[in-house]
Amino acid sequence: GEDVEQSLFLSVREGDSSVINCTYTDSSSTYLYWYKQEPGAGLQLLTYIFSNMDMKQDQRLTVLLNKKDKHLSLRIADTQTGDSAIYFCAESNAGGTSYGKLTFGQGTILTVHP
Amino acid sequence: GAVVSQHPSRVICKSGTSVKIECRSLDFQATTMFWYRQFPKQSLMLMATSNEGSKATYEQGVEKDKFLINHASLTLSTLTVTSAHPEDSSFYICSARKGPYEQYFGPGTRLTVT
């Protein structure tokens, strides 16, 4: 079945860039997502990328996709203390009975130090 | 973006009683909604896919008679935890699919069974 892996922790200083990495196994993944979860809250959709793209930029966020290696990363430029949260990578397959179902990684806890 | 609400945000119930959780898409119609369960410091586990006007599709290992799902309209899905037990205590999160590839999450419901 599908599997999505992330490193569990990342600690950075305020103002530095953060890079959160994710690998997935399903070669038929069509869409890949990054979600942010703050304590006690639901998930906020940050950005997503189609599998036929290799990069997407949205303000401070840059997503890089290496489809050959099944590797996805999220770069946050000029990281702020408000960026401290859990970041989830997720993949979705657009086909058949799996349509719309998301498979999540374990989440990366990002801690930003002043 | 899009807004999904959940009600209640927190509920405490006695063992053996039933609890209903509502998930609403506030500014869009959703033919498909999803119900997830999240344990502390863990990722989200998909419980079931809720389709408007038809029966929900449950993931393997999820008891359909215990977790009743009703998707009565294009903006409302409900999850009823029947005969709740302490092991059902968890954070339950719903999401609603908007379009082919965007999925928006509610803020979650913290269920505590005493």
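What counts and how
Residues numbered from 1 in each chain as written. Chains lettered and ligands numbered in written order. Predicted model: local features only at pLDDT ≥ 70, side-chain atom pairs only at ≥ 80, totals over all residues. Heavy atoms only, no water. Helix = DSSP H or I, 4+ residues; strand = E, 2+ residues; numbered from the N terminus. Rg over C-alpha atoms; globule rule 2.2 N^0.38 Å. Buried < 20%, exposed > 50% of the residue type's maximum accessible area, 1.4 Å probe, protein only. Areas by Shrake-Rupley, 256 points an atom, 1.4 Å probe, with all protein chains shown as cover. Lys, Arg positive; Asp, Glu negative; His and termini not counted. Charge placed at Lys NZ, Arg CZ, Asp CG, Glu CD. Pairing = 2+ DSSP bridges. Patch = residues over 30% accessible without salt bridge, like charges linked within 9 Å, V, L, I, M, F, W, Y side chains within 5 Å. Salt bridge = Lys/Arg side-chain N within 4 Å of Asp/Glu carboxyl O. Core = buried A, V, L, I, M, F, W, Y, C linked by side-chain atoms within 4.5 Å. Contact = heavy atoms within 4.5 Å. Disulfide = S-S within 2.5 Å. Buried area = accessible area lost by both parts, 1.4 Å probe. Polar contact = N/O pair within 3.5 Å; in protein donor to acceptor, adjacent residues only side chain to side chain. Nonpolar A, V, L, I, M, F, W, Y, C, P; charged D, E, K, R; others polar.

**A look at the overall build of chain B**
- From N to C terminus, chain B includes 0 helices and 11 strands.
- The order of helices and strands in chain B, counted from the N terminus, is β-β-β-β-β-β-β-β-β-β-β.
- Taken against the 2.2 N^0.38 rule, which gives 13 Å for 114 residues, the C-alpha radius of gyration of chain B at 13 Å falls within 12% of a compact globule.
- For chain B, the spread of C-alpha atoms along the three principal axes comes to 40 × 25 × 20 Å.
- Scored against the burial criterion, the 114 residues of chain B give a buried share of 52%.
- Here chain B has roughly 5,600 Å² of accessible surface; of this, 51% comes from carbon and sulfur atoms.
- The positive charge centre, built from 12 side chains, and the negative charge centre, built from 9, are 5 Å apart in chain B.

**Regarding the pairing of strand β3 (residues 18–24) of chain A**
Residues and elements named next belong to chain A.
- Burial along β3 is one-sided: the residues Ser 18, Ile 20, Cys 22 and Tyr 24 are buried and none of Val 19, Asn 21 and Thr 23 is.
- Pairing between β3 and strand β8 (residues 71–76): 6 bridges, direction antiparallel. Its bridge partner lying in β8, Ile 20 is registered against Leu 74.

**Description of a nonpolar patch on the surface**
Residue and element names in this part refer to chain A.
- On the surface, Leu 8, Phe 9 and Ile 109 cluster together into a nonpolar patch covering about 300 Å² of accessible area.
- Summarising the element assignment, Phe 9 is placed in strand β2 (residues 9–13).
- Take Phe 9: its relative accessible area is 62%, and that puts it in the exposed class.

**Focus on the nonpolar core**
- In terms of nonpolar packing, the biggest core is built from 44 residues, with A:Tyr35, A:Phe104 and B:Phe105 touching the most fellow members.
- Top contributing element to this core by residue count: strand β9 (residues 90–98) of chain B, with 5 residues.
- Not counting residues within four places of it along the chain, the set of residues in contact with B:Phe105 comprises A:Tyr35, A:Leu43, A:Leu102, A:Phe104, B:Val4, B:Tyr36, B:Leu44, B:Ile93, B:Cys94 and B:Ser95.
- Within the second largest apolar cluster, 20 residues are counted, among which are A:Ile20, A:Ile49, A:Ala85 and A:Cys89.

**Some points on the state of the cysteines**
- Under the definition given, this model contains 2 disulfides over all chains.
- A:Cys22 shares a disulfide with A:Cys89; S-S distance 2.0 Å. Since a negative S-S torsion denotes a left-handed disulfide, the A:Cys22-A:Cys89 link at about -65 degrees is left-handed. A residue pair is termed long-range when its members are at least 10 positions apart, and A:Cys22 in strand β3 and A:Cys89 in strand β9 (residues 85–92) qualify at 67 residues.
- A:Cys89 gets classed as buried once you look at its relative accessible area, which sits at 1%.
- With its sulfur 2.0 Å from that of its partner, B:Cys23 forms a disulfide with B:Cys94. Residues B:Cys23 and B:Cys94 are joined by a disulfide whose S-S torsion is about 80 degrees; by sign, that bridge is right-handed. Here B:Cys94 lies in strand β9 and B:Cys23 lies in strand β3 (residues 19–25), a separation of 71 residues in the sequence.
- What makes B:Cys23 buried here is its relative accessible area of 0%.

**What to know about the interface of chain A and chain B**
- Facing the 19 residues of chain A at the interface are 20 residues of chain B.
- For the pairing of chain A and chain B, the buried interface totals around 1,600 Å² over both sides, and the portion due to carbon and sulfur atoms is 57%.
- Summed over the shared surface of chain A and chain B, the result is 1 salt bridge.
- Salt-bridge contacts for A:Lys101 lead to B:Glu59; the nearest nitrogen and oxygen are separated by 3.1 Å.
- At the surface where chain A touches chain B, the tally comes to 7 residue pairs in polar contact (both at pLDDT 80 or more).
- Within the residue set of the side of chain A that touches chain B, elements represented by two or more residues are β4 (31–37), β5 (43–50) and β10 (102–104) of chain A.
- A per-class count over the side of chain A that touches chain B returns 12 nonpolar, 6 polar and 1 charged.

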